[in-house]
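# Understanding the architecture of this molecule
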Amino acid sequence: MRYLLLYNPVSGKGKFHKKIDFIKKQFENRNLHLDVYPSKKANDLNEKAYLEAGNYDYLIVSGGDGSINEVINGIMRSEYRPKFAIMPSGTANDSAAILGINKNVRRTLKLIFQDNPVKIDINKINDKYFFYTTAAGVLTKISYDISRRKLKKYGYIAYLTEGAKDLINKYNMKMTIKHDGGTLVNEYILVLGLSAKRVGGMYLTGFTNAKMNDGLLELRLIPYNKKFKTARVLGFFINRGRKNKNHDALVSSRFEISTTNNVVWNVDGERGAKGSVVIKVLKEELDVIASKRAIKQYF
Ligand SMILES: [Mg+2]
């Protein structure tokens, strides 16, 4: 078996670098071939994954959600799809958490060596692939607008203060949404799509249809309401996304959303498409390493 470890050297304060000798040794001990590649610039991991996908049995990525999204885009563009594993090292690690993977390298390697991956759905928004989330509206720009410096200095508090500031901004996104069950027309302040129950380090346990191999994505839409804007958004998160009459909940394999050009979509934590989009779920497209617990919960 041939393995390629792709990593982002600046992710997670660059600490992952120190673990590489240990990782190399674990592969050597088992007579397994491992190549290691540190990314050199933005989108480098996407290109590298695309070019090398056919040369390896496994692509392993270490980084935050952004690096993981890049590698997934590279693999999905390739005709040959190697198996996929995550070793989290960034500040935003929703993707890894969903798969039950933590920063314990020894434990993750054990799962990789067991070579028992599960088939997972991959989502697509226009021509870009995503792993676990797409969203638009209030609070959804924070993950990429916030400066790295601020995030390093203040951590989670930085998210909260930026969030509080964004709540006073005006969002009213006129949308027509075609889904498997019909068409919805309304004005929204927040649209949040999740393939599991986690985003921004929060667990939204109210997302009911969170299976990662069912070919479906769950979308929550909070309608614009001048009077109760802040209360509705906060209430949604405080209640961990529990369904209620104040917002719309859709489960579908495909969404065709027509909206205005100023709507910006957050895709796996990064700035993505603008305006009208088609969101598709590609059922069981990738073999991924996950913990037993995550498999039980999401598959
Ligand atoms: Mg699903």
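The rules behind these values
- Residues numbered from 1 in each chain as written.
- Predicted model: local features only at pLDDT ≥ 70, side-chain atom pairs only at ≥ 80, totals over all residues.
- Heavy atoms only, no water.
- Patch = residues over 30% accessible without salt bridge, like charges linked within 9 Å, V, L, I, M, F, W, Y side chains within 5 Å.
- Areas by Shrake-Rupley, 256 points an atom, 1.4 Å probe, with all protein chains shown as cover.
- Salt bridge = Lys/Arg side-chain N within 4 Å of Asp/Glu carboxyl O.
- Helix = DSSP H or I, 4+ residues; strand = E, 2+ residues; numbered from the N terminus.
- Domains from an automatic or database assignment.
- Contact = heavy atoms within 4.5 Å.
- Buried area = accessible area lost by both parts, 1.4 Å probe.
- Polar contact = N/O pair within 3.5 Å; in protein donor to acceptor, adjacent residues only side chain to side chain.
- Buried < 20%, exposed > 50% of the residue type's maximum accessible area, 1.4 Å probe, protein only.
- Donors = N, O, S within 2.8 Å, 3.2 Å for Na, K, Ca; no water.
- Phe/Tyr/Trp six-rings, centres within 6.5 Å; stacked < 30°, edge-to-face > 60°.

## Focus on a nonpolar patch on the surface
- A contiguous nonpolar surface patch, about 440 Å² in accessible area, is contributed by Tyr154, Tyr156, Ile157 and Leu160.
- When residues of the nonpolar patch are assigned to their parent elements, the largest contribution, 3 residues, is made by helix α8 (residues 156-166).
- Note on placement: tyrosine 154 falls in helix α7 (residues 148-154).

## Quick word on the domain arrangement of the protein chain
- According to the domain assignment, the protein chain consists of domain 1 (2-116) and domain 2 (130-284).
- Each of domain 1 and domain 2 was reduced to a C-alpha centroid, and the two centroids are 27 Å apart.
- Opposite the 13 residues of domain 1 that make contact, domain 2 presents 16 residues.
- For the pair domain 1 and domain 2, the two sides together bury roughly 1,200 Å², of which 64% comes from carbon and sulfur.
- Taken as a group, Asn69, Asp94 and Ile98 account for 42% of the area that domain 1 buries against domain 2, more than any other trio of residues on that side.
- Our enumeration of links across domain 1 and domain 2 arrives at 1 salt bridge.
- When the shortest N-O distance is used, the salt bridge between arginine 198 and aspartate 94 registers 2.8 Å.
- Our count for the domain 1 to domain 2 interface comes out at 6 residue pairs in polar contact (both at pLDDT 80 or more).
- Within the residue set of the side of domain 1 that touches domain 2, elements represented by two or more residues are α3 (65-77) and α4 (94-98).

## So, helix α5 (residues 105-114)
- Where α5 is concerned, the buried positions are Val105, Thr108, Leu109, Leu111, Ile112 and Phe113.
- Tucked inside the fold, the buried residues of α5 contact β1 (2-7), α1 (20-29), β3 (58-63) and β4 (83-88).
- Here α5 starts with a cap whose side-chain oxygen sits 3.1 Å from the backbone nitrogen of arginine 106, and that cap is asparagine 104.

## Details of the environment of asparagine 169
- Relative to the elements of secondary structure, asparagine 169 occurs in the loop between α8 and β8 (173-179).
- Overall, the relative accessible area of 38% leaves asparagine 169 in the partly exposed class.

## Quick notes on the coordination of the magnesium ion
- Here the magnesium ion is held by the protein donor atoms Lys211 (O), Asp214 (OD) and Leu216 (O), which lie 2.1 to 2.3 Å from it.
- Site description for the magnesium ion: donor spacing in sequence, K-x2-D-x1-L.
- The partly exposed category is assigned to leucine 216, whose relative accessible area is 26%.

## Observations regarding the pattern of salt bridges
- Considering all chains together, one arrives at 10 salt bridges under this definition.
- Of the charged contacts, one joins arginine 77 and glutamate 47 as a salt bridge, the two residues approaching to 3.0 Å between their closest N and O atoms. Linking arginine 77 in helix α3 with glutamate 47 in helix α2 (residues 44-52), this pair joins segments that are 30 residues apart in sequence.
- Of the residues examined, arginine 77 reaches a relative accessible area of 39% and is grouped as partly exposed.
- One salt bridge connects aspartate 145 with arginine 271, and the closest N-O pair in it is separated by 3.6 Å. Highlighted residues: aspartate 145 in helix α6 (residues 142-145) and arginine 271 in strand β16 (residues 270-274), separated in sequence by 126 residues.
- A relative accessible area of 47% places aspartate 145 in the partly exposed class.

## What to know about the packing of aromatic side chains
- In the structure shown here, the tally under the stated rule is 5 aromatic pairs.
- Centroid distance tyrosine 3 to phenylalanine 27: 4.9 Å. Interplanar angle 70°. Geometry classified as edge-to-face. Of the two residues, tyrosine 3 sits in strand β1 while phenylalanine 27 sits in helix α1, which places them 24 residues apart along the sequence.
- For the ring pair phenylalanine 236 and phenylalanine 237, a centre distance of 5.2 Å and an interplane angle of 85° mean the geometry is edge-to-face.
- Residue classification places phenylalanine 236 among the buried positions, given a relative accessible area of 3%.

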